[in-house]
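Structure at a glance
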Amino acid sequence: MSKSIQQILEQDSLTKENIIQLLKSTGEDEKALFAKSSEVKLNYIGKNVHFRGLVEFSNICKKDCLYCGIRAGNKNVDRYDIADEEILKAAKFAYDNNYGSVVLQSGERSDKEFVDRIENLLKEIKKLSNNELGITISLGEQSKETYQRWYDAGAHRYLLRIESSNRELYEKIHPKNDNHAHATRLSCLKALQNIGYQTGTGVMIGIPFQTYEDLANDLLFMKEFDIDMVGMGPFIEHDETPLYEYRDQLMSLNNRFRLTLRMIAVLRILMKDINIASATALQAIDPLGREKALKIGANIIMPNITPTNERANYLLYQNKPCIDEGADDCTNCMEARINMADGEIGYGEWGDSRHYANRRKNV
Ligand code: SAH
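Read on for a plain summary of the structure. (Residues numbered from 1 in each chain as written. Predicted model: local features only at pLDDT ≥ 70, side-chain atom pairs only at ≥ 80, totals over all residues. Heavy atoms only, no water.)

**A short note on the packing of aromatic side chains**
Put simply, the rule reads: Aromatic contacts are taken between Phe, Tyr and Trp rings whose centres are within 6.5 Å, Trp giving its six-membered ring; a plane angle under 30 degrees counts as stacked, one over 60 as edge-to-face, and the others as tilted. Runs of H or I in DSSP of at least four residues are treated as helices and runs of E of at least two as strands, each being numbered from the N terminus. Buried, partly exposed and exposed residues are distinguished by accessible area as a fraction of the type maximum, computed with a 1.4 Å probe on protein chains only: under 20%, between the cut-offs, and over 50%, respectively.
Taken as a whole and assessed by the stated rule, the structure comprises ten aromatic pairs. Ring geometry for Phe114 against Trp150: centres 6.4 Å apart, planes inclined by 75°, an arrangement best described as edge-to-face. Separated by 36 residues along the polypeptide, Phe114 in helix α5 (residues 112–128) and Trp150 in helix α6 (residues 144–153) bring together distant segments of the chain. We classify Phe114 as buried; its relative accessible area is 2%. A relative accessible area of 0% places Trp150 in the buried class.

**Remarks on the site of the ligand**
How we decide: When we say a residue is near a molecule or strand, we mean one of its heavy atoms is within 4 Å of it. The term polar contact refers here to a pair of N or O atoms within 3.5 Å; inside protein, the definition further demands a hydrogen-donor-capable atom paired with an acceptor-capable atom, and it admits residues adjacent in sequence only when both atoms are side-chain atoms. Per-residue and other accessible areas follow the Shrake-Rupley method at a 1.4 Å probe size, with only the shown protein chains counted as cover for residues. Note that Gly is not counted as nonpolar here; it falls among the polar residues with everything else outside the nonpolar set of Ala, Val, Leu, Ile, Met, Phe, Trp, Tyr, Cys and Pro and the charged set of Asp, Glu, Lys and Arg.
Taken together, 17 residues lie near the ligand, and Tyr67, Ser106, Arg161, Glu163 and Ile236 sit nearest. Here Ser106 contributes a backbone N or O atom positioned 3.0 Å from a nitrogen atom of the ligand. The side chain of Glu163 places a nitrogen or oxygen atom 2.6 Å from an oxygen atom of the ligand. Relative to its free-state accessible area of 550 Å², the ligand is covered by the protein chains to the extent of 91%. For the shell around the ligand, the residue count by class is ten nonpolar, four polar and three charged.

**A few points about the state of the cysteines**
In plain terms, the rule: Any cysteine sulfur atom paired with another within 2.5 Å is treated as part of a disulfide.
As enumerated under the stated definition, the model contains zero disulfides in all. With no disulfide of its own, Cys188 lies 13 Å from the sulfur of Cys65, the closest cysteine sulfur. The exposure class of Cys188 is buried, given its relative accessible area of 4%. Unpaired in terms of disulfides, Cys333 finds its nearest cysteine sulfur in Cys322, a separation of 6.0 Å.

**What to know about the packing of α5 against α6**
Note the threshold: In this description, a line fitted to the C-alpha atoms serves as the axis of each element, helices being fitted only across the stretch in contact, and the angle between N-to-C directions of two axes falls anywhere from 0 to 180 degrees. Geometric relationships in this document are graded by angle, where less than 35 degrees denotes roughly parallel, more than 145 denotes roughly antiparallel, 65 to 115 denotes roughly perpendicular, and other angles denote oblique. Crossings are assigned a handedness: left-handed for a near helix turned anticlockwise from the far helix by less than a right angle, right-handed for a clockwise turn. Any two residues whose heavy atoms approach within 4.5 Å are treated as being in contact.
In contact at an axis separation of 8 Å, α5 and α6 are set at 20° when each is read in the N-to-C sense. Relative to α6, the element α5 is oriented roughly parallel. The handedness of the crossing between α5 and α6 comes out as right-handed. Residues Phe114, Val115, Asp116, Ile118, Glu119, Leu122, Lys123 and Lys126 of α5 lie in contact with α6, whose contacting residues are Thr146, Arg149, Trp150 and Ala153.

**Quick notes on unusual backbone geometry**
Unlike most non-glycine residues, Phe209 shows phi in positive territory, near 75°. For Phe209, the position within the fold is in the loop between β7 (204–205) and α9 (212–225). Its identity as a non-glycine residue notwithstanding, Asp226 has a phi of 60°, on the positive side. Note that Asp226 resides in the loop between α9 and β8 (229–234).

**With respect to the side chain of His180**
With respect to the secondary-structure elements, His180 resides in the loop between α7 (167–172) and α8 (182–195). On the basis of relative accessibility, which here comes to 6%, the residue His180 falls in the buried class. A distance of 2.8 Å separates the side chain of His180 from the side chain of Asn177, its partner in a polar contact. Beyond its immediate stretch of four places on either side in the chain, His180 contacts Lys63, Asp64, Cys65, Tyr170, His174 and Pro175.

**Considering helix α10 (residues 253–270)**
This is how it is decided: One less than the number of residues in a helix, times 1.5 Å, gives the span that helix is expected to have.
In this model α10 runs 26 Å from its N-terminal to its C-terminal C-alpha over 18 residues, within 8% of the 26 Å that 1.5 Å per residue would give. In terms of residue burial, α10 counts as a mostly covered element, since 14 of its 18 residues are buried.

**Some remarks on the pattern of salt bridges**
How we decide: A carboxyl oxygen of Asp or Glu within 4 Å of a side-chain nitrogen of Lys or Arg is what we treat as a salt bridge.
Scanning the entire structure with this criterion turns up 27 salt bridges. The partner of Glu108 in a salt bridge is Lys63, and the shortest N-O contact between them spans 3.3 Å. Placement of the pair is Glu108 in the loop between β3 (101–106) and α5 and Lys63 in the loop between β2 (53–58) and α4 (84–96), with a sequence separation of 45 residues. Given a relative accessible area of 7%, Glu108 falls into the buried group. Between Arg337 and Glu291 there is a salt bridge, with the nearest N and O atoms lying 2.8 Å from each other. Placement of the pair is Arg337 in helix α14 (residues 327–340) and Glu291 in helix α12 (residues 289–296), with a sequence separation of 46 residues. One connected set of salt bridges, linked through shared partners, spans Lys63, Glu108, Glu141, Glu163 and Arg185.

**A short note on the nonpolar core**
Rules: Buried Ala, Val, Leu, Ile, Met, Phe, Trp, Tyr and Cys residues that are joined via side-chain atoms within 4.5 Å together make up what is termed a nonpolar core.
In terms of nonpolar packing, the biggest core is built from 99 residues, with Ile137, Trp150, Leu219, Met222 and Met232 touching the most fellow members. The greatest single-element share of this core, amounting to ten residues, is contributed by α10. For Trp150, the residues in contact, after removing those within four places along its chain, are Phe114, Val115, Ile118, Glu119, Leu122, Ile137, Leu139, Gln142, Ala155, Tyr158 and Tyr197.

**Details of the environment of Ala357**
Assignment of secondary structure puts Ala357 in helix α15 (residues 354–361). Relative accessible area serves as the criterion here: at 39%, Ala357 is assigned to the partly exposed category. C-alpha separation for the pair Ala357 and Asn304, spaced 53 residues apart in sequence, amounts to 27 Å.

Structure representation (structure tokens):
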């Protein structure tokens, strides 16, 4: 006889089968899962929610990922690259408003000019904030040397989603060439961890061909890899990408949304002290999506502080929220939303992954 959700939630560890059962739960079972994950979050993390001011500074990209709206092959995108002084202004805004940390994200490039420029920007951000702003970067696959240079220049967290831990599935959602190899993604994550970054990864939920078993394996991969931070969100189809062809095979948006919440809840139970971001894509489906994720397990939110005139061009997926409001509006709106979710903003703090500190203590 299979176990009840209640029984599973009382266990000290979870098998793959347990995880699959939790991921499929609905109604009262789903409620019990969320009650448990909220409790774990309160016990291990507390009510604090930390900000990461997000600057999506360029949509120029050499990759051709089959799901992404800013893929190189999409000729309908207005490509932009925000000037350094505008990026630094956004970082200064984050500093002045006590955000604690910023995230620099963009399409992927690895030419020398780009690598040098990022190194310089990192140093400038440290300088303008009296060394106080924490910096996360999310700039795709790079060489070990580049990762090291950026670390030495002041970045201390790196986000690189594995997208799927299943190599075969990964190959179905990327072009089959050396520029999009699953093995490279894995070795990049390892390199980041070895250098000493707080290392973050994540997956998209509800992509075509994905099974519950794939998702359970993704969570177990994160645990096995001893990851410090996770950002995962629902897949949202974009009509100018190759995967749009499979739109009829997708679960409904609402089901992708609910499944993402269950993924976050199970991850919180599996990895109690990591940082989990409440993905912006959740809000593209439900106006209160990010707050719901905070309640059941997430503890990080990334207010968009990209200069307003370029926000509309960083459309990885459609229906992206907050593309027409300024950074000031964003702070006020966030504060109200987080209070509503019974959270407290850790202003002026880095809000580092506790898992990272615990993991380093044990070596
Ligand atoms: N170039 C960087 C960061 C930009 S993409 C990198 O490769 O890491 C950031 C994330 O957006 C991707 O990792 C992917 O998981 C997500 N994303 C892309 N297209 C998406 C879509 N259509 N729906 C939902 N998420 C998407």
